[in-house]
Amino acid sequence: MAFQSGKDRIITVDVLSAEIGSTTTLVSAFDGFGGQGGTPRFLGQGAAPTTVTPPEADVRIGLEAAISDLAARLGVEQIRWKRFSASSSAAGGLRMSVHGLVYDMTVKAAREAALGAGANIIQVSAGRLRRRELEKTIDLQPNIIMIAGGLDYGERDTALDNAEAIHHEITRRHLAIPVLYAGNIENQEDIRDIFRDSPSPLYLCENVYPKIDQLNIEPARKIIQDVFEEHITQAPGMEHIRELVNGHIMPVPGAVMNSARLLADELGDLAVIDVGGATTDVHSVCEDSPEIQRILIAPEPRAKRTVEGDLGLYVNRLSVLEAVGAEELTRTLAASGAEPIGEPRMTAAVQNLPPIPADEDQRRLASALAFHAARLALSRHAGRMRDLYSVAGRESLAEGKDLSGVGRIIGTGGALTRLPGGEALLRSVLESRRGAELFPSSETPVLLDRDYIMATMGVLADEFPREALSLLMESLGVRQSSKENRDDS
C-alpha cells in the first residue's frame, strides 16, 4: 500500500518499473503487489528522453528524469519503492547472432527462439561459417552468440566446426561473449570441451529443432532472457541499473511477449503491434486454422515475434518514408485532412519530426508514419498463400504465420497509445489486407494498451501473474472473467 508523508511529501510504492526504450524512458508506479490478495493499482507514469548519446551518454540520467517527472505528476517530492524492475531496448537492446545448419530448419528455429526472447538478430548464417562471416560476427560483438544445427542424433560436424571457429576467434581477441548451444544433443559434451578454457560463458540447452517439422524454442528462449539479465551492460550506464533493481531486467520485446502470452491465456488467440521509435514489433500468440495447417509448408511457433529494424517513428523514420514513398505518404496524410505536401517538403518534414510531436501537423505526420510502419510490419509477420504449379496442376499452399483466426489485435508503444486515433489506425491496417496475406479479419476487435504497461507487466508476470493480468486487462478496457468461468469454458 502506498503511503505519503505530509511533512516530507514522500510516497512509498510497492513496485516501480522502468522501460528504457531507444528514445523514451518510462517509469510506472504500482500498488497492491504485497501478496495480501489486495487489488493491484496503477498509480501513474513519468517519462523523459532516453540518454544514450553524447553529451549525456548514460541511461541513468534519463531514468532519474523520468522518476522526477513521475513524482511531479503524483504531487510528491520523492518516490521510494519496495521493488524495482526494468526492461530495456536502449542501444540496440539484446543483440544476437544465430548460426545453424539449414536456413529453413535449424536457423529458422534458432531465430524464432531468439526473437521470442526479445533479441535483435544482427547476424545470421547457415552451414559452416566462412572467414568473412566469422570476422563480421565478432566485429559486431553481439551480447549472445547462438549455435544450432543438426537434428538430434543427426548431422554433427557443422555445429562443431562453427563452435571451434567461434571459440578460436573470441579467444584470440580476448573477448568474453556468452555462447548458447542449442543444436544436436549428441554434441553437448564436445561443445563443453571446446569452450572449457574459454573466457566466454557457455550455456547448453535442448535442441531448437530436434526432429523434422518440430520446433522446440522455449528452453532456448528462457536461457536467452536469463543471459540478458546477467549481462545487460550494452547501453551507457546500464551496468549501474542492476544496482537499483531488486526484481527482474528483461529486453523490452521479450517483456511484451510475456504479456501477450499472459493475455492469450485469458482472451484467446491474439496479435500485438508495437510501433516504437526505432523498430516496429509484431507478437502473435495463436494456432493455425485447420484449413491452413493442412497446407502449411513449414511449422510455425504458437508464439512468434518479428522485429522490423527499419520501421521506427524516430530513429528510422526516414526508412519508413523510403519504404512507402513520398507520394503514398502524402495520400495517407490527405485522408487525415492534412494539406498536400510535395516530395522535397515531405522529406524535410519527416527528417525534422521530433520524438514527441509538438503540434497538430506533426501528430498527423507521425500517425501516417505509424500506419505504414504497422502495415508493413504486420505484412512481414503474417504468412501468405502461394500457388505452385506441377504436372498435376496448380496447388495452393500456405507459408508463414497464419493470423486469420486471431480474435483480438492489441496496440502498444508510444505511437499507438499516445497519439490520437490509435484504434482507428489499427482498424485501417486490418482493412488494408491484400488477397494473399493471412491477415486477421477486418472485423477483429482492436484494443489499446492505454496505460502503456505491456512491457512493464511482462517483466512482473512471472512473479506476479494475477496482478499483472488484472492491470493489463484494465489497461485494455476489458472485463476480466472469473476463475470459475474460465475453468468452465
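A. The overall build of the chain, seen in detail. The helix and strand inventory of the chain stands at 18 helices and 18 strands. Taken over the C-alpha trace, the chain has a radius of gyration of 23 Å; the compact-globule value for 489 residues is 23 Å, and the two agree within 12%. Its C-alpha atoms give the chain principal-axis dimensions of about 70 × 60 × 55 Å. For the chain, buried positions account for 54% of its 489 residues. Across the chain, contacts joining residues at least 24 apart in sequence account for 70% of those joining residues at least 6 apart. About 21,300 Å² of surface is accessible on the chain, with carbon and sulfur atoms providing 48% of the total. Distance between charge centres in the chain, computed from 51 positive and 69 negative side chains, equals 2 Å.

B. Looking closely at the packing of aromatic side chains. Per the stated rule, a full pass over the model turns up four aromatic pairs. Ring plane angle 80° and centroid distance 5.2 Å describe the contact between F33 and F464, whose orientation is recorded as edge-to-face. Here the residue F33 occupies a position in the loop between β3 (24-31) and β4 (41-49), and F464 occupies one in the loop between α16 (454-460) and α17 (465-476), the gap between them amounting to 431 residues. Consider the rings of W81 and F84, whose centres lie 5.3 Å apart with planes at 50°: the pair is tilted. Exposure remark for W81: the relative accessible area of 29% places this residue in the partly exposed category.

Calculation rules
- Residues numbered from 1 in each chain as written.
- Predicted model: local features only at pLDDT ≥ 70, side-chain atom pairs only at ≥ 80, totals over all residues.
- Heavy atoms only, no water.
- Helix = DSSP H or I, 4+ residues; strand = E, 2+ residues; numbered from the N terminus.
- Rg over C-alpha atoms; globule rule 2.2 N^0.38 Å.
- Buried < 20%, exposed > 50% of the residue type's maximum accessible area, 1.4 Å probe, protein only.
- Contact = heavy atoms within 4.5 Å.
- Areas by Shrake-Rupley, 256 points an atom, 1.4 Å probe, with all protein chains shown as cover.
- Lys, Arg positive; Asp, Glu negative; His and termini not counted.
- Charge placed at Lys NZ, Arg CZ, Asp CG, Glu CD.
- Phe/Tyr/Trp six-rings, centres within 6.5 Å; stacked < 30°, edge-to-face > 60°.

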